[in-house]
Amino acid sequence: MVSRCSGALRSFTRSAAFASSSRRAVPLSRRMATAAATTAKTNPSSPPPLAKSPDATINRIVDDISTLTLLQAADLVSLLKSRLNIQEIAMPASAVPAAAAAAPADEPAVEVPKEKTVFNVKLESFDATSKPKVIREVKAMNPTLTLIDAKKFVESLPQILKENMPKEDAEKMQKAFEALGAVVKLE
C-alpha cells in the first residue's frame, strides 16, 4: 500500500513541478492574457471593468444615474438644464457654417427666399396672326377640349393653361407658346 501511495505522490509532484517550471518559462503578460481569456469565456455577459473616480460622491452619483430609465434620464437632463440655467442649443456647433459664424452678431440675418418649384402657366395674350397656331397648341396640350372649346378658351384671355407644373415643364411650355407668338407668364 505504501508503494502505491508513494508512486502516486511521485507522479503528482512531477506534474506539479513540470507545471510550475512551465509557468516560469511563459512571460507574465501572456499568462495574464490567457487567464483573462478563460474568465471571459466562462462569463461572456459580464460588463467591462468601469473606471472609478477617487471621489466617492461622484461614484455614487454615477451608480444612481446608471440605474435610471431613459424617461427618468431625460427628466433629469431637463431638470439640470433649468436649475443650472443652461439654454437650449438650436443646432450643434459643428453644423454652423463658417460664414455665419464669422458674420457680426448685431446685424440681423438675411433670409434667403426659397426658390419656387411649382408654377401655374398663364396665357396672357397672343398676336392676331398666330391665333390659329395658339388654338391648335392649346387643343394639343389638352386633348379633352374640342376645337371650338379651345377657340373659346383662347379668345377669353387671360387664362391659366396648366396648374402646379414643375419648373422645367413650365419653362418648356412657355418657350413653345412664345415661339408661336403668345405671351405666357409663370405664376
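Please read all numbers here as calculations on a predicted model, not as lab measurements.

**Considering the sheet that holds strand β3 (residues 182-186)**
Read across the open sheet, the 3 strands follow the order β2-β1-β3; overall the sheet is antiparallel. For this open sheet the edge positions go to β2 (159-166) and β3, each flanked by a neighbour on one side alone. Along the sheet, successive strands turn relative to each other by an average axial angle of 25°, direction set aside. In this structure, strand β1 (residues 118-126) lies alongside β3, joined through 5 bridges in antiparallel fashion. Each bridged residue has a counterpart across the sheet, and for Val-121 the counterpart in β3 is Leu-186.

**Notes on the confidence of the model for the protein**
Low-pLDDT stretches of the model should not have their predicted coordinates read in fine detail. Taken as a whole, the protein shows an average pLDDT of 74; of its residues, 60% reach a score of 70 or greater. Contacts for the low-pLDDT stretch residues 16-23, under 50 throughout, to residues beyond four places or in other chains number 1 contact.

**So, a nonpolar patch on the surface**
On the surface, Ile-61, Ile-65 and Leu-68 cluster together to form a nonpolar patch covering roughly 230 Å² of accessible area. Along the polypeptide, Leu-68 turns up in the loop between α3 (56-66) and α4 (70-83).

**Some details on the environment of Lys-131**
Assignment of secondary structure puts Lys-131 in helix α6 (residues 131-141). With 20 residues separating them in the primary sequence, Lys-131 and Lys-151 have C-alpha atoms 8.8 Å apart. In terms of polar contacts, Lys-131 uses its side chain to reach the side chain of Glu-155, at 2.7 Å.

**Here's the deal with the nonpolar core**
Within the largest apolar cluster, 18 residues are counted, with the highest numbers of intra-cluster contacts made by Val-121, Leu-123, Val-134, Val-138, Leu-161, Met-173 and Phe-177. Ranked by residue count, the leading element in this core is α6, at 4 residues. Not counting residues up to four positions away in its chain, the partners in contact with Val-134 are Leu-123, Phe-126, Val-154, Phe-177, Leu-180 and Ala-182.

**Focus: α6**
Within α6, the full set of buried residues consists of Val-134, Ile-135, Val-138 and Met-141. The arc that holds every buried residue of α6, seen down its axis, measures 130°, which confines them to one face. Of the residues in α6, the exposed ones pointing more than 90 degrees away from the buried face are Arg-136 and Ala-140. Next to the buried residues of α6 lie β1, α7 (147-155), β2, α8 (167-180) and β3.

**Some points on the packing of α6 against α7**
Contact geometry of α6 with α7 gives a least axis separation of 9 Å together with a crossing angle of 120°. Viewed along their axes, α6 and α7 form a crossing whose handedness is right-handed. Of the residues in α7, those touching α6 at Lys-131, Val-134, Ile-135, Val-138 and Lys-139 are Leu-147, Ala-150, Lys-151, Phe-153, Val-154 and Glu-155. Residues that form the contact of α6 with α7 fall into these classes: 7 nonpolar, no polar and 4 charged.

**Some points on the packing of α6 against α8**
Close contact between α6 and α8 brings their axes to 9 Å; oriented N to C, the two are set at 155°. One element, α6, and the other, α8, form an angle in the roughly antiparallel class. For α6 against α8, the interelement crossing comes out right-handed. Contacts from Lys-133, Val-134, Glu-137, Val-138 and Met-141 of α6 reach α8 at Met-173, Phe-177 and Leu-180. Taken together, the residues of the contact of α6 with α8 sort by class into 6 nonpolar, no polar and 2 charged.

**What about unusual backbone geometry?**
Pro-158 follows Leu-157 through a cis peptide bond whose omega is -5°. Tracing the chain through its elements places Pro-158 in the loop between α7 and β2. We note that Asn-85 has phi near 55°; this positive angle belongs to a residue other than glycine. Positionally, Asn-85 belongs in the loop between α4 and α5 (98-102).

Calculation criteria
- Residues numbered from 1 in each chain as written.
- Predicted model: local features only at pLDDT ≥ 70, side-chain atom pairs only at ≥ 80, totals over all residues.
- Heavy atoms only, no water.
- Pairing = 2+ DSSP bridges.
- Helix = DSSP H or I, 4+ residues; strand = E, 2+ residues; numbered from the N terminus.
- Axes fitted to C-alpha atoms, helices over the stretch in contact; angles between N-to-C directions.
- pLDDT = per-residue confidence, 0-100.
- Contact = heavy atoms within 4.5 Å.
- Patch = residues over 30% accessible without salt bridge, like charges linked within 9 Å, V, L, I, M, F, W, Y side chains within 5 Å.
- Areas by Shrake-Rupley, 256 points an atom, 1.4 Å probe, with all protein chains shown as cover.
- Salt bridge = Lys/Arg side-chain N within 4 Å of Asp/Glu carboxyl O.
- Polar contact = N/O pair within 3.5 Å; in protein donor to acceptor, adjacent residues only side chain to side chain.
- Core = buried A, V, L, I, M, F, W, Y, C linked by side-chain atoms within 4.5 Å.
- Buried < 20%, exposed > 50% of the residue type's maximum accessible area, 1.4 Å probe, protein only.
- Arc of directions from axis to C-beta.
- Left-handed = near helix turned anticlockwise from the far one by under 90°.
- Nonpolar A, V, L, I, M, F, W, Y, C, P; charged D, E, K, R; others polar.
- Parallel < 35°, antiparallel > 145°, perpendicular 65-115°, else oblique.

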